[in-house]
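Notes for the structure review
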Amino acid sequence: MAAEPEPQHPRRWRFASLPTGAKLFLILTAALMPLALIALLAAMQSNRIADAETRARLRVAASESARALGIELVGDMTAIRVALNALDQDPEDAPSCARVQGVFADQLASGARFAIVGGNGQPLCSSMRRPDLRIVYPPSDGPISAAIDPARGLALGLTAPSGRLHAVAQFGGDALAQIARPSGFLPAYSSVLTRGNDRLPLEGLAGLGPLDRTESLSVPVGVDNLSFEMTVRSAPITSPLIVAMLLPVLMWVAAAVIGWFVVDALLIRPLRTLRREVAAYRPGEVITPPADAAAQEIRELGDTFRAISQTVVAHEAGLAEGLVRQTKLTREVHHRVKNNLQVISSLINLHARGAHSGEARGAYASIQRRVDALSVVHRNHFAELEETRGLQLRTMVSDLASNIRATAPEDTHLTITLDIDGYLANQDMAIAMAFLLTEMIELAMMVQADAALRVSLRPAPDGTEGRALLRVSSPALVDGDRLRDLLAERYGRVIEGLARQLHSKLHYEPLSGAYEILVSVTGRG
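Once a new chain begins, its residue numbering starts again from 1 and follows that chain's sequence as written. Restriction of local features to residues with pLDDT of at least 70 applies here, the model being predicted, together with a cutoff of 80 or more for giving and counting side-chain atom pairs; totals for whole chains, interfaces and linings are based on all residues. For the side-chain quantities, the full set of heavy atoms in the structure was used; hydrogens and water were omitted.

1. Some words on the overall build of the protein chain
The way it works is that DSSP assigns letters per residue, a run of H or I at least four long becomes a helix, a run of E at least two long becomes a strand, and they are numbered from the N terminus. Of the regular secondary structure elements, the protein chain holds nine helices and 17 strands. Exposure classes here rest on a 1.4 Å probe applied to the protein chains alone. A residue is buried below 20% of its type maximum, exposed above 50%, and partly exposed in between. Burial analysis of the protein chain (525 residues in total) assigns 37% to the buried set. Residue contacts are defined here by distance: any two heavy atoms, one from each residue, within 4.5 Å place the two residues in contact. A fraction of 65% describes how many contacts in the protein chain between residues 6 or more apart in sequence connect residues 24 or more apart.

This is the structure in structure tokens:
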């Protein structure tokens, strides 16, 4: 039956992983924030009401000034249009010219000028020699056109119905400022006449500081996209206003910080000290809690940790004594097993000497080699018992080769060359490797009495960690009839079974006479 999947718990909010001091500060901040916001909004509302009153007065004054400018400019240009039409019909109409000069007589002192010029540019009726400002005249009998020169002023132009005559009127900034000045408006202001991106300053607002705020409003004049823009000071940001706005925020921050500091000094800091003592605890030591903790509960918690550590010290001493006894018993068991294997090997050797046939002696020698292989592994495991890292394969294979050469028949001249890296393996892998090497070496010895073998243990070709390549090669293992017969009779099944115990696939190269298999290792010694 398939195991049921574990329930998926929702991911915890990050707040739960914050330190207690940070949680406390955030909670106090959230609790006091509404009070601070209410006080701050009250101060901002008072300032907002003052700004609304300023904008209302500004709207009235700007509308009045724009209307006065529009009336004055349209009135003057209407008088010029009448004279322009009259002169267009009769260039010698002197009374029409005199009337328009009378209209501009009061404005001459402030810099207002006009001129009616013919097609050749010569003035027919003028209060100036030649127009100073460049202006694009409108089409015949079209609306008034305007042009702004920031340094010289405003120019307004007209064209006669016939298109032969043009009229232009120029107004200086001072004259326009006088016309646009609102009646009864006491606050200081600045004003600008604008047309597109062109601006003609009329009044200036001096003494603006970095904390001063202004309100601006633009109102159309009604002449060729001219607009009158007026700017006044809003309620200034004074020191009392800054204090009134910042005091609630400062009180909010101060309350949160003071609350956090008190709790941190009385609770969090002693707990942090106790946590460091517990984190630095090592088995066999006694925890020493902080004696200057202000909270009684923290002192009691520290005494509890000290009592627990004292109990652990007593248990550690008992466990250490039991471990020493267990280690001695384990070593004794392994020593007895090693001795028993040596006794078995000696008995097999004695029986082999008493055998009358060569076939019996060969059988005894074959059994003895396998017992010796197991004995070699057990002897090396006993030697490495104190380290638990694994068996040293180089030493094990070297002892195994020596035993095989010693138990080989007298008429054989076996040669074994070793190229073993210092790998370590657990006991199960080592036993399977020892039996596999014994079977392969004996197989080569059965095929050829003077067999020369090379045994190597090198890193895996693909560089895989925890794996090594075991290779046994010999001319005696080259594919042949004798080799195939021995494999079919006994050695083939044994070698395949041992390869399965090594959890890997055994590769055979028939032309070079080499067996290769990847074995698991636990590291390097």
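2. Some details on the environment of Gly 284
Summarising the element assignment, Gly 284 is placed in the loop between α4 (239–279) and α5 (296–354). Given a relative accessible area of 44%, Gly 284 falls into the partly exposed group. Between the C-alpha atom of Gly 284 and that of Ala 317, which follows or precedes it by 33 residues, the distance is 8.0 Å. Apart from residues no more than four positions distant in its own chain, Gly 284 is found in contact with Val 313 and Glu 316.

3. Focus on helix α2 (residues 94–103)
Residues of α2 that are buried include every one of Ser 96, Cys 97 and Val 100, and no others. Buried residues along α2 cover an arc of 100 degrees about the axis, so they all sit on one side. Directions are taken from the helix axis to each C-beta atom, and the arc is the one they span.

4. Some words on helix α8 (residues 427–447)
Multiply 1.5 Å by the residue count of a helix minus one, and that product is the helix's expected span. The terminal C-alpha atoms of α8, which comprises 21 residues, lie 30 Å apart, in line with the 30 Å expected from a rise of 1.5 Å per residue. Of all the 21 residues making up α8, 15 are buried; the element is thus mostly covered by neighbouring parts of the structure. Any N or O atom pair separated by 3.5 Å or less is treated as a polar contact, with the protein-specific requirement of one donor-capable and one acceptor-capable atom, and with residues adjacent in sequence counted only for side-chain atom pairs. The opening residue of α8, the one whose side-chain oxygen lies 2.9 Å from the backbone nitrogen of Met 429, is Asn 426.

5. Section: the state of the cysteines
Here, a disulfide means two cysteine sulfur atoms that sit within 2.5 Å of each other. Under the criterion given, the structure shown has one disulfide. Between the sulfur of Cys 97 and that of Cys 125 lies a disulfide, 1.7 Å long from S to S. A torsion of 90 degrees about the S-S bond marks the disulfide between Cys 97 and Cys 125 as right-handed. Pair noted here: Cys 97 is in helix α2 and Cys 125 is in strand β2 (residues 123–126), with a separation of 28 residues, a long-range link. With respect to burial, Cys 97 and Cys 125 carry one shared label: buried.

6. Focus on the pattern of salt bridges
One side-chain nitrogen of Lys or Arg within 4 Å of one carboxyl oxygen of Asp or Glu is enough to make a salt bridge. Considering all chains together, one arrives at 14 salt bridges under this definition. Between Arg 55 and Glu 215 there is a salt bridge, with the nearest N and O atoms lying 3.1 Å from each other. On the criterion of sequence distance, the pair formed by Arg 55 in helix α1 (residues 20–89) and Glu 215 in strand β8 (residues 214–220) is long-range, its members being 160 residues apart. By relative accessible area, which is 15% here, Glu 215 ends up buried. Note that Arg 524 is salt-bridged to Asp 421, the shortest N-O span being 3.9 Å. Of this pair, Arg 524 sits in strand β17 (residues 523–524) while Asp 421 is found in the loop between β11 (415–420) and β12 (423–425), placing the two residues 103 residues apart along the sequence. Asp 421 sits in the buried class, given a relative accessible area of 13%.

7. Quick notes on the sheet that holds β12
At least two DSSP bridges between two strands are needed for those strands to be called paired. The strand order across the open sheet built from three strands is β10-β12-β17, with neighbouring strands paired in antiparallel fashion. With partners counted over all chains shown, the strands left at the sheet margins are β10 (391–392) and β17, one partner each.

8. Description of the sheet that holds strand β1 (residues 113–117)
The strand order across the open sheet formed by five strands is β2-β1-β5-β4-β3, and the pairing between neighbours is antiparallel. Among the strands making up the open sheet, the edge pair consists of β2 and β3 (145–149). Pairs of neighbouring strands in the sheet enclose a mean axial angle of 20 degrees, with direction left out of account. Two elements, β1 and strand β5 (residues 166–171), share five bridges in a ladder whose sense is antiparallel. Among the inter-strand pairings, Val 117 is bridged to a residue of β5, identified as His 166. Where α2 meets the sheet, its contacts fall on β1 and β2, and the angle it forms with β2 comes to roughly 40 degrees. Angles shown run from 0 to 180 degrees and are taken between the N-to-C directions of axes, each axis being a line fitted to C-alpha atoms and, for helices, limited to the stretch in contact.

9. Structural notes on the pairing of strand β14 (residues 467–473)
Within β14, five of the seven residues are buried, which leaves the element mostly enclosed by the surrounding structure. Across six bridges, the pairing between strand β13 (residues 452–459) and β14 is antiparallel. Bridge pairing links Val 455 to Val 472 in β14. As paired elements, β14 and strand β16 (residues 514–520) share seven bridges and run antiparallel to each other. When the sheet's bridge partners are listed, Val 472 is paired in β16 with Tyr 515.

10. Quick notes on the packing of helix α7 (residues 393–407) against α8
Between α7 and α8, the least distance of the axes is 11 Å, while the angle of their chain directions is 35 degrees. In the packing of α7 onto α8, the handedness of the crossing is right-handed. From α7, Leu 393, Met 396, Val 397, Leu 400 and Ile 404 reach across to α8, where they touch Ala 430, Met 433, Ala 434, Leu 437, Thr 438 and Ile 441. Across the contact of α7 with α8, the residue classes tally to 10 nonpolar, one polar and no charged. Note on convention: the crossing is left-handed when the near helix lies turned anticlockwise from the far helix by less than a right angle, right-handed when the turn is clockwise. Side-chain classes follow a simple rule in which Ala, Val, Leu, Ile, Met, Phe, Trp, Tyr, Cys and Pro form the nonpolar group, Asp, Glu, Lys and Arg form the charged group, and the remainder, Gly included, forms the polar group.

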